[in-house]
Each structure stands twice: as C-alpha cells, then as structure tokens.
Amino acid sequence: MSDQTASTSDAAASTPAGRRRRGWGAFFRDLLVIVVIALLVSFLVKTFVVRSFYIPSASMENTLMVKDRILVDELTPRFGAYERGDVVVFRDPGGWLDQTPEPPRSPVVEGVDWVLSLFGLSAPDSDDHLIKRVIGVEGDHVVCCNALGQTTVNDVPIDESYVRLAPGATSPSPVPYDVTVPDDSLWVLGDNRNSSRDSRYNQDQPGQGFVPVENVVGRAFLITWPFDRFGLIDFHHEVFAGVPAPAAK
C-alpha cells in the first residue's frame, strides 16, 4: 500500500463519519456478546437451578390461583430432601391426568414457544405436570380422617389452615385413606381439597396414589406473576412441627 493510500485511509477513519461507523460496529458487537451470554446463563439456570411453570387448575387455591406463574427450585432433589408442607411440581406418575388432545398450533408458534422454553421464558409443558402439597414423606402413616375431619400423620392430627373450604364447611369432604408412604415416595394433596385429583383419588392406579421422588421436578417457591401476587409461597412447615418421625421399620 502506498503512503498516499494509507494516509487517505487514516484520514477517512479519523473523520466524524468514520469514527461513527467504527463506534456503531463496536456497539452492536458488544451488544451481541451480552445477549448471547445472557441467554446462555438463562439456559443454564433454567436447566439446573429454577424453572418456570404456570398454574392450570384451581386445585391449589387459595395458595396458588389459576394462571399464576411460579418459579420451581430444581436444586432440592439434587442436594436435599422434601419436607411435609413443601409445594412440589411433578410429572404424572401414571393415570393422574386426563389425556385431552390439545388444539393444533402453527409450526411458527410451536417453534417460538420451544425456543423460549429453552431459556425459561415459556412453560409449554405445565399442563403435563401437577402441583400439590407434600403431606407425607417416606415411612409416614397418613390417615383420613379423625372425628374432627382432620388428617393425621403418624397419629398426630394436623391443623391445615391453608386448606380452602366450601362455604359453611368446617373441614373438606372426607375421602378415606390409611396409607404408609413407601421409600423414595411422597403422599400429596391439593390445598383446594374439594377440587383436587390428588393422591386420594389415585389409589387405584399402579402407583397407589404415591408420587415417586424421581418424578418430582422441584419445589415451587415464588409467585412471579401477576405482580400483585408476587411473593414467596408459604410451605406452612409449622403445621407439621409436632409430627414425630415415622416409626422404625
């Protein structure tokens, strides 16, 4: 390159228009890097830490309302155990959900939804999961009901203040059961007992109403939408504070 050509190029780059072109190019490059990093972090968080779901039914009212969007902690099954009172999201153990065909969606909508789900911005599989409250963990003897209509866990009645009752009722409509929770399983009930197809109603299924821990996606801990309901989900662990450990086998 001749000295004259190099001089001309440097002069062009030093002009306001040249500096502006280089400035915009650097800006868009940096912006692209930031977006890619943000999406990668979001993908990793969604895959290993938290997932987003929405509530499709009234089975957990008034704790969770239809169309609430929640975050689910996926670390609990990896590093800890579930406790009585935890609100958990789990895959159908078999026969709990009605297999209702969904209306067809265009390939464009399916594609966009799939991409958004990779980064936790959409929850297309919410209808394929259930959400309930843990009442019994492995080894627990869970019975419904005593003379007051209360559930007992290891012979201790629990006062479930979070349960939604029908107008004028003092306890939910009883559905009798007397079970001992097997290893690596949970016994779960909805807070809206009169509108929840939970462990009680699935005792005739192959799993006998128990949820294998391996089916649990994680523990729901936060309502993110709508904004006026934003906040932590109450596990009501105090309700189970007086329940002793299950009897040794």
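Residues numbered from 1 in each chain as written. Predicted model: local features only at pLDDT ≥ 70, side-chain atom pairs only at ≥ 80, totals over all residues. Heavy atoms only, no water.

Caption draft 1: Just the sheet that holds strand E7 (residues 156–157), in detail. With respect to topology, 4 strands assemble into an open sheet ordered E7-E6-E5-E8, the strand pairing being antiparallel. Every interior strand has two partners, whereas the edge strands, E7 and strand E8 (177–180), have only one. Two elements, strand E5 (residues 141–144) and strand E6 (residues 151–153), share 3 bridges in a ladder whose sense is antiparallel. Each residue of the ladder has a partner; that of valine 142, found in E6, is valine 153. (Pairing = 2+ DSSP bridges. Helix = DSSP H or I, 4+ residues; strand = E, 2+ residues; numbered from the N terminus.)

Caption draft 2: Main features of the pattern of salt bridges. Counted according to the given criterion, the structure contains 8 salt bridges. The partner of glutamate 61 in a salt bridge is arginine 164, with the nearest N and O atoms 2.2 Å apart. Taken together, the residues span a long stretch of sequence, with glutamate 61 in the loop between strand E1 (50–54) and strand E2 (69–73) and arginine 164 in the loop between E7 and E8 at a distance of 103 residues. Owing to a relative accessible area of 10%, glutamate 61 belongs among the buried residues under this scheme. Linking aspartate 198 and arginine 200 is a salt bridge whose minimum nitrogen-to-oxygen distance equals 2.7 Å. Across this residue pair, the class does not change: aspartate 198 and arginine 200 are buried. (Salt bridge = Lys/Arg side-chain N within 4 Å of Asp/Glu carboxyl O. Buried < 20%, exposed > 50% of the residue type's maximum accessible area, 1.4 Å probe, protein only.)

Caption draft 3: Inspection of the confidence of the model for the protein at higher detail. In the predicted model, the protein carries a mean pLDDT of 80, and 71% of its residues have values of at least 70. Put simply, helix H1 (residues 3–14) is where the protein has its lowest mean pLDDT, 49, and strand E9 (residues 185–189) is where it has its highest, 97. Taken as a whole, residues 5–9 scores under 50 in pLDDT and shows 1 contact with residues more than four places along the chain or in a different chain. Below a pLDDT of 50 lies the segment residues 118–122, which in the model reaches 13 contacts outside its immediate sequence neighbourhood of four places, other chains included. (pLDDT = per-residue confidence, 0-100. Contact = heavy atoms within 4.5 Å.)

Caption draft 4: Looking closely at the nonpolar core. Ile135, Val142, Ile158, Tyr177, Trp187 and Phe240 are the most contacted members of the largest nonpolar core, which has 16 residues in total. If we skip the residues at most four places from it in the chain, valine 142 touches Ile135, Gly136, Thr151, Thr152, Val153, Tyr177, Asp178, Val179, Val181 and Trp187. Phe53, Met60, Leu64 and Val72 belong to the second largest nonpolar core, which has 14 residues in total. (Core = buried A, V, L, I, M, F, W, Y, C linked by side-chain atoms within 4.5 Å.)

Caption draft 5: The arrangement of the environment of aspartate 155 in detail. With respect to the helices, strands and loops of the structure, aspartate 155 is situated in the loop between E6 and E7. Look at aspartate 155 and you get exposed, because its relative accessible area is 65%. For the pair aspartate 155 and proline 246, spaced 91 residues apart in sequence, the C-alpha to C-alpha distance is 9.8 Å.

Caption draft 6: How the structure looks around the packing of aromatic side chains. According to the stated counting rule, one finds 4 aromatic pairs in the structure shown. Summarising the aromatic geometry, the rings of phenylalanine 90 and tryptophan 96 are spaced 5.5 Å apart at their centres and angled 85° between planes, so their arrangement reads as edge-to-face. For the pair tryptophan 225 and phenylalanine 227, a centre-to-centre distance of 4.7 Å together with 75° between the ring planes defines the contact as edge-to-face. Overall, tryptophan 225 belongs to the partly exposed group, its relative accessible area being 44%. Residue classification places phenylalanine 227 among the exposed residues on the basis of a relative accessible area of 63%. An aromatic cluster is built from Tyr177, Trp187 and Phe210, whose rings are joined through pairwise contacts. The ring of tyrosine 162 carries the charged tip of arginine 133 above its face, separated from the ring centre by 4.2 Å. (Phe/Tyr/Trp six-rings, centres within 6.5 Å; stacked < 30°, edge-to-face > 60°. Lys NZ or Arg CZ within 6 Å of the ring centre and 35° of its normal.)

Caption draft 7: Seen up close, the pairing of E8. In E8, alternate side chains face the same way, and those of Tyr177 and Val179 are buried while those of Asp178 and Thr180 on the opposite face are not. The pairing of E5 with E8 spans 4 bridges and is antiparallel. For valine 142, the partnering residue across the bridge sits in E8 and is valine 179.

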